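Breakdown of the fold
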Protein chains: 2
Amino acid sequence: MPKLVDHDERRSEIADAVLRIVARAGIPAVTVRAVAEESGWSTGVLTHYFGNRRGMLLGALRRAAEISGQHHKTIAAQNDGLARLEGALVEALPLDERRLALGRVFVFFYAEAATDESMRTEIEGYLAVWRKFVANAVRAAQRQGLIDARVKPAVAAAQLVALTDGWSIHALLDGSVMADLNRLSPVRSWIELLSSPATST
Amino acid sequence: MPKLVDHDERRSEIADAVLRIVARAGIPAVTVRAVAEESGWSTGVLTHYFGNRRGMLLGALRRAAEISGQHHKTIAAQNDGLARLEGALVEALPLDERRLALGRVFVFFYAEAATDESMRTEIEGYLAVWRKFVANAVRAAQRQGLIDARVKPAVAAAQLVALTDGWSIHALLDGSVMADLNRLSPVRSWIELLSSPATST
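Residues numbered from 1 in each chain as written. Chains lettered and ligands numbered in written order. Predicted model: local features only at pLDDT ≥ 70, side-chain atom pairs only at ≥ 80, totals over all residues. Heavy atoms only, no water.

Examining the pattern of salt bridges
Counted according to the given criterion, the structure contains 26 salt bridges over all chains. One salt bridge connects E86 of chain B with R188 of chain B, and the closest N-O pair in it is separated by 2.7 Å. Pair noted here: E86 of chain B is in helix α5 (residues 81-90) and R188 of chain B is in helix α10 (residues 187-194), with a separation of 102 residues, a long-range link. E86 of chain B gets classed as buried once you look at its relative accessible area, which sits at 17%. Several salt bridges converge on common partners, so that one network encompasses D16, R63 and E66 of chain A. (Salt bridge = Lys/Arg side-chain N within 4 Å of Asp/Glu carboxyl O. Helix = DSSP H or I, 4+ residues; strand = E, 2+ residues; numbered from the N terminus. Buried < 20%, exposed > 50% of the residue type's maximum accessible area, 1.4 Å probe, protein only.)

Here it is as structure tokens:
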């Protein structure tokens, strides 16, 4: 009897191994050999699923985005509108190993997206999903009277997403920003500042 | 009599040619051959000064940072504190060919800085200089009574720099953000929002 293989599951399993390596040792540590060791699959199997090293990193990017999407669902179920908005931003900050790996693969592909049309389209899609999720959280907070009704959700979302992503990238590149991030938990103050009525213009 | 050569000037001239190519056609268009054509120097001369393609891009990064530093001096001479602060942020937005090239080379090296210690140190240095320049502009605006005295300049500067850089990177990756940037000129509203007294915490 032929063995049944869940290809999606195997792809996810390998992508998770890539993300563990990225969290522990960074992008340069991702080699076909290292992923074979981490995942327990042969280099032949890895090549079959992902082609080459770059294919594995792309698989890791998509897997990281998928896991973030699952977290978004959990966050969206929160009743407190401000906590939901905070969650939608904190999800993208490199505050634990999972999100550190997420940030590192995204910065890696940002550089590629700046020069490659199809990668740009993919990254645009992720950013649009994130902005929409944040805008919905702003609306939820407005319905609860926690954010001024004059604030335009799309404008506040674009600003909050740019600030969060900029801070996240700076934290990956600059030890002092990472230290501030771990010490200060600045997201609530960003929300207060960028969701004030001046954002209605 | 031996010909006198100003090596710094020649390096700048070649780096400027690289930046023109980056502005016009992006990072992938930078090849030793293309730079030779653009600059009028032989590939032998280019290799002598910059080694290889990556060396030319690094030269372009440093040249772009140097030109930004010159613009900072002009901006710092402005009497209106808010105009000075606005200038310190707008300098990093990809609103013309020069700043488009600046943004593209920075995103390219951000990815490298996320994985390479010496590049990270160099990028940290640029970010620190930018934050300090913005913090000084906040102080100048405070002395003129244009920004609340309770605002902490370093905190406001870190937030404004993260928001500006995040927006700039998103504009390079996402056509809708670039369109908003050209249409809305959002920097004054960022300053109003992120330099409010809540930034004193």
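Examining unusual backbone geometry
Of note in the backbone geometry, S185 of chain A takes a positive phi value of approximately 45° without being a glycine. With a relative accessible area of 49%, S185 of chain A lands in the partly exposed category.

A look at the interface of chain A and chain B
Every contact between the two is made by 37 residues of chain A and, on the other side, 37 residues of chain B. Contact with chain B buries area across many residues of chain A, yet H170, L173 and L193 of chain A alone supply 23% of it, more than any other trio. The salt bridge partner of D174 of chain B is R131 of chain A, with a shortest N-O separation of 3.3 Å. One can count 6 residue pairs in polar contact (both at pLDDT 80 or more) joining chain A with chain B. Put simply, the parts of the chain that give the side of chain A that touches chain B at least two residues each are α6 (97-113), α7 (117-143), α8 (153-173), α9 (175-184) and α10 (187-194) of chain A. (Contact = heavy atoms within 4.5 Å. Buried area = accessible area lost by both parts, 1.4 Å probe. Polar contact = N/O pair within 3.5 Å; in protein donor to acceptor, adjacent residues only side chain to side chain.)

With respect to helix α9 (residues 175-184) of chain B
All names here are of chain B. Looking only at α9, the buried set comprises V177, M178 and L181. The buried side chains of α9 occupy one side of the element, clustering within an arc of 100° when seen end-on. Directly after α9, the chain includes S185, whose backbone phi takes a positive value near 50°. (Arc of directions from axis to C-beta.)

Looking at helix α7 (residues 117-143) of chain B
Look at α7 of chain B: 39 Å from first C-alpha to last across 27 residues, which is about the 39 Å you get at 1.5 Å a residue. Taken from the residues just after α7 of chain B, G145 of chain B is the one with a positive phi, measuring 75°. (Expected span 1.5 Å × (residues − 1).)

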